[in-house]
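Now for the letters of each chain:
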Amino acid sequence: MLKRLLRDLCPPLLWRAAESLRPRVDSLGASIAETDERLMLLAGVQAALSVRTVDRVRSLPDVGFRVFSQFDEDGIIEWLVANLPGIPASFVEFGVEDYSEANTRFLLRHRNWRGLIMDGSETLVERAKAHRLYWQNDLTAVAAFIDRDNINDLIRTNGFSGEIGILSIDLDGNDYWIWQAITVSDPWLVIVEYNAVFGDLRPLTIPYDPWFKRDDHASHLYWGAGIGALERLAEERGYVLLGSNSAGNNAFFLRKDFFPLFEQRVTDRSARPSLYRESRATDGRLSYIGGAARRNIIAGMAVVDVRTGQTMRFADAGDVYSDRWKQAMGAGDRKSTRLNSSHITI
């Protein structure tokens, strides 16, 4: 409609001239985007060469850097992979949207790994396929709404059964239940997004719901699993926690048979709480609630303690934050006290 209005307002000659320039403008935009990506890759390669020289770290964020990842996952992954000789050069990642921001894209571009990516949006997956990296690399992109009944078939039919290098899970929903269901792949490294609002003292997750959508709760804070639930599942599956990213939302698990390679290399292998404030008010705008105060917003929502199998209200789960996490989240608590009645409590 706006285009038609502009065409009606512009003199015909001016409009035709503007239209004739459009292919050049589009081409220039594409060239700028390609140049930006090459510069990002160049900087990433230099950072990768630097972290490879690091033998020991206090915690994983010490080697973190960002090229295509949301936070500092690219650097952490690079350091782990560089210290895992013989790791299979393949990955599976789901919950990638259009793959412009992902945990494995730097691996794909820098190390030329082969990979399978999946997302529930067909539009976003088609956008990923339209990018030049799709033909320049051995990448398979699949549009699918993932549940625990179809995940193994999706991985198997797309050729990623058996040992793979990395499994990365970011569904903002049934993450715990999907990892629990995967049996056809045997990854060396597993990266799972955790919901720090659920704390670190109890193994909590949302109940399984194949149709779960994060935005069904207006705050966007009710989703996924806490780090305690994922650590318990990792133990059951033969993995050990190496730590988290600096933002406190992605946990890194290593298969236990490779743990001796890192036992003396990472001093602090605990996960961090998140300090970012992504909560939403009822009108959809950011409400900037931080720290432990986020718990109040979803206090009435159901959670499952995976140790006991008990389903309860989050408010009835008792103390869920360790003293360490409480101390780290203190600034978030102070800021949250200034917020108003636009908070959501269900």
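Residues numbered from 1 in each chain as written. Predicted model: local features only at pLDDT ≥ 70, side-chain atom pairs only at ≥ 80, totals over all residues. Heavy atoms only, no water.

**Thoughts on the overall build of the chain**
Part 1 of the reasoning: Per the secondary structure count, the chain includes 12 helices and 10 strands.
Part 2 of the reasoning: Across the 346 residues of the chain, 50% fall into the buried class.
Part 3 of the reasoning: By sequence separation, contacts in the chain at least 24 residues apart represent 70% of the contacts at least 6 residues apart.
Part 4 of the reasoning: In the structure as shown, the chain presents an accessible area of about 16400 Å², 51% of it carried by carbon and sulfur atoms. (Helix = DSSP H or I, 4+ residues; strand = E, 2+ residues; numbered from the N terminus. Buried < 20%, exposed > 50% of the residue type's maximum accessible area, 1.4 Å probe, protein only. Contact = heavy atoms within 4.5 Å. Areas by Shrake-Rupley, 256 points an atom, 1.4 Å probe, with all protein chains shown as cover.)

**A few points about the nonpolar core**
Part 1 of the reasoning: Membership of the largest hydrophobic core comes to 59 residues, with the highest contact counts inside it found for Phe-94, Met-118, Ile-151, Leu-167, Trp-179, Phe-253 and Phe-314.
Part 2 of the reasoning: Residues within four places of Ile-151 in sequence aside, it is in contact with Phe-94, Met-118, Ile-146, Ile-178, Ala-181 and Ile-182. (Core = buried A, V, L, I, M, F, W, Y, C linked by side-chain atoms within 4.5 Å.)

**A few points about the layout of surface pockets**
Part 1 of the reasoning: Taken as a whole, the largest pocket holds about 1000 Å³ of empty space.
Part 2 of the reasoning: Along the wall of the largest pocket there are 37 residues; nearest its centre are Gly-95, Glu-97, Asp-170, Leu-171 and Asp-172.
Part 3 of the reasoning: There is about 200 Å³ of room inside the second largest pocket.
Part 4 of the reasoning: Residue lining of the second largest pocket: 14 residues in total, with Ala-271, Arg-272, Pro-273, Arg-324 and Ala-328 positioned closest to the centre.
Part 5 of the reasoning: For the lining of the second largest pocket, the per-class residue count stands at 7 nonpolar, 3 polar and 4 charged. (1 Å grid on protein atoms, 1.4 Å probe; cavity = no way out; pocket = protein on both sides within 12 Å on 5 of 7 lines; lining within 4 Å. Points joined across faces, edges and corners; volume = space filled by probe spheres on them. Nonpolar A, V, L, I, M, F, W, Y, C, P; charged D, E, K, R; others polar.)

**Here we look at the confidence of the model for the chain**
Part 1 of the reasoning: Per-residue confidence for the chain averages 90 on the pLDDT scale, and 86% of its residues sit at or above 70.
Part 2 of the reasoning: Note on residues 331–346: pLDDT under 50 across the span, and 32 contacts to partners over four residues away in sequence or across chains. (pLDDT = per-residue confidence, 0-100.)

**Considerations on unusual backbone geometry**
Part 1 of the reasoning: Phi at Glu-97 is positive, roughly 55°, even though this residue is not glycine.
Part 2 of the reasoning: If you trace the backbone, Glu-97 turns up in the loop between strand E1 (90–94) and helix H4 (105–111).

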